[in-house]
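Notes for the structure review
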Number of protein chains: 2
Amino acid sequence: MDKATAVANPNIAFIKYWGKAHEALNLPANPSLSMNLAGLTTVTTVEFRPGLAADSVVIDGEPAQDQARQRVVAHLDRVRALARTDRRALVASRNDFPAGTGLASSASAFAALTLAAGRAAGLVLDEGALSRLARRASGSACRSVVGGFALWEGDGDETSFARQVAPPSFWELRDLVAIVGREHKGVGSQQGHALAASSPLNAARLEAVPGLLALALDAVRARDLSALGPVVEADALAMHGVMMTSWPSLLYWLPATVAVLRAVRAWREEGLDVFFTLDAGPNVHCLCEAARADEAERRLRRLPGVLDVLASGPGGGVRLVDYDLF
Amino acid sequence: MDKATAVANPNIAFIKYWGKAHEALNLPANPSLSMNLAGLTTVTTVEFRPGLAADSVVIDGEPAQDQARQRVVAHLDRVRALARTDRRALVASRNDFPAGTGLASSASAFAALTLAAGRAAGLVLDEGALSRLARRASGSACRSVVGGFALWEGDGDETSFARQVAPPSFWELRDLVAIVGREHKGVGSQQGHALAASSPLNAARLEAVPGLLALALDAVRARDLSALGPVVEADALAMHGVMMTSWPSLLYWLPATVAVLRAVRAWREEGLDVFFTLDAGPNVHCLCEAARADEAERRLRRLPGVLDVLASGPGGGVRLVDYDLF
């Protein structure tokens, strides 16, 4: 079998990855903590087929173009180098959520690609090695390799990968993603990371991360949303403060983004425990306990500007499936 | 004559004042640079009248309550101490713009109160002394004392006041204030200043200010909006990054705030040179040359969520007038 199919979930970071310590190796400027999102999936099939002149990459039914294609081919090259093969591949990938709007599609995409391509190429990689390899393609992909709640730390190429903090079943947390924009963002995360250091606020955020991360880890281990939530909001706003003050300035928010942020805080004052976070995009991730999720989702759907709400519990790690997309 | 009336304009800061080095003296954590706004005025009449049991303070036709009244009385006490009188005063003040929405009503209010009360009490104060006295009531009021473009710097009580960088006639700059909210903000500037230091980003912003201030001063002196604008946007966003990440977090923006920020940047890409800044509130100050002001105002008025646009050129310093509000 030179063909394999893998499924992965994107993840939402509680402590964000923004800025790189090493560009080519995707070593992050700071450790990060995340939860995989069970409700959102990327499925990717890879087949290494003899006689192909070039890799064929199809994403959501369309041939991948330019940078998107190049990133996939570059990652296939990493897998080929490890497997000592020069066969080209057929790749098909499908997301059940909109790409490029802060929903971390590259995380699930490259986690799934790493496992599918690795298996199709005959590599045997443990979770740490998979996470480390996925990191090379997209930093946050290393967290999607690991199921449940994942901590990405480590300083060098060998040690920088994600490890599980707690399995999906540990905590019935919910992430309700309020979709307020579906357009592909102007500046993607990859370019954005390179701008982080241009913000006068970046170093201060990085200095604050270890303290926030320790609080967030304790809160996850204690399943304590009232402790986790304020920390998560603080780091998300710090990251967006860095983004807005980078050069050029990145303003990912839409008007409805602010509407959701304000609504979440107002609901909390009314006793509904919901907290927000945002990735590099306009959509707002709203965290709550499973028992409050229906009420929170109902309220989110009533907000003007909220186009959809995608609900997720904690998702599993990247895994092989026995069907394919061809 | 124990009665005097003064008129003052609020000011918009190009480099912001956020956070204090000395609470009671209103010494700022950083120097700031502003322009007075000719189109917005506060008029204040003060009369020290023998036999009054207490100060009477009427703002926009209503007796001032609680904190607002206390701030005025405390400032009258400063004037009384300088004038060695214990007479109580009648104070009437009127704004022609909405208070408490980031339009710096306290700046014009306390600039006008300082001159009116000082004159009514028989004090003779030069501009520097007026600015210094106004600072004690409200930091940014010291800038409204000075006409045109004002730099507030100085480290101690004696030296911390605003000086003119250029008179109003020096540069036909326009500030178009896009009003997106009229509600009084939840957390006023006075409480907000005290929270600045709780943000992990605050020290980094303060470190960046001297460099930005030097660029902004050069740009004002060269009447170079294309140099001034990016610096002004950068410091405004840095200040809001600090606000959002303070503890508790201050989110002054409304959905329409973001709509204006994005529109301004989009217009700039189309060739209309407009730049934004924001004070501690949701309204967006849009800076442009006088020649572009009509076009910019027309576009602003068409944006959903923009309730009104208040246009100002550079305003004069605080001045006495020969009518009164009684």
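Residues numbered from 1 in each chain as written. Chains lettered and ligands numbered in written order. Predicted model: local features only at pLDDT ≥ 70, side-chain atom pairs only at ≥ 80, totals over all residues. Heavy atoms only, no water.

1. As for the sheet that holds strand 13 (residues 275-277) of chain A
All names here are of chain A. The 4 strands lie next to each other as 13-14-12-15, forming an open sheet whose pairing is antiparallel. At either end of the open sheet lies a strand with only one pairing partner, and these are strand 13 and strand 15 (308-312). Averaged over all pairs of adjacent strands, the angle between their axes in this sheet comes to 25°, without regard to strand direction. In this sheet, strand 15 lies alongside strand 12 (residues 173-179) in antiparallel orientation, the contact comprising 5 bridges. Directly across from Ile 179, in strand 15, lies its bridge partner Asp 308. The sheet strands contacting helix 9 (residues 290-302) are strand 12, strand 14 (284-289) and strand 15, and the helix crosses strand 14 at an angle near 145°. (Pairing = 2+ DSSP bridges. Helix = DSSP H or I, 4+ residues; strand = E, 2+ residues; numbered from the N terminus. Axes fitted to C-alpha atoms, helices over the stretch in contact; angles between N-to-C directions. Contact = heavy atoms within 4.5 Å.)

2. Describing the nonpolar core
Trp 253 and Val 260 of chain A together with Trp 253 and Val 260 of chain B are the most contacted members of the largest nonpolar core, which totals 80 residues. Among residues more than four places away in sequence, those in contact with Val 260 of chain B are Ala 178, Val 180, Val 284, Cys 286, Leu 300, Leu 303 and Val 306 of chain B. Ranked by size, the runner-up nonpolar core spans 31 residues in total, among them Phe 14, Val 209, Leu 213 and Leu 310 of chain A. (Core = buried A, V, L, I, M, F, W, Y, C linked by side-chain atoms within 4.5 Å. Buried < 20%, exposed > 50% of the residue type's maximum accessible area, 1.4 Å probe, protein only.)

3. Brief notes about unusual backbone geometry
Geometrically, the link from Trp 247 of chain A to Pro 248 of chain A is a cis peptide bond, its omega value of 0° lying close to zero. Here Pro 248 of chain A is to be found in the loop between helix 7 (225-244) and helix 8 (255-269). In this structure, Asp 66 of chain B takes a positive phi of about 50° despite not being glycine. By the element assignment, Asp 66 of chain B lies in helix 1 (residues 66-83).

4. Observations regarding the sheet that holds strand 7 (residues 56-59) of chain A
Residue and element names in this part refer to chain A. Read across the sheet, 6 strands follow the order 8-7-9-6-1-16 without closing on themselves; strand pairing throughout is mixed. Where the open sheet ends on each side, the last strands, each with one partner, are strand 8 (62-63) and strand 16 (319-321). Pairing geometry for strand 7 and strand 9 (residues 88-95), over 4 bridges, is parallel. Following the sheet pairing, Ile 59 is matched in strand 9 by Ser 93. Sheet strands in contact with helix 1 (residues 66-83) are strand 6 (42-49), strand 7 and strand 9, and its direction is about 125° off that of strand 9. Of the strands in this sheet, strand 1 (3-8), strand 6, strand 9 and strand 16 touch helix 2 (residues 105-120), which is tilted by about 30° from strand 6.

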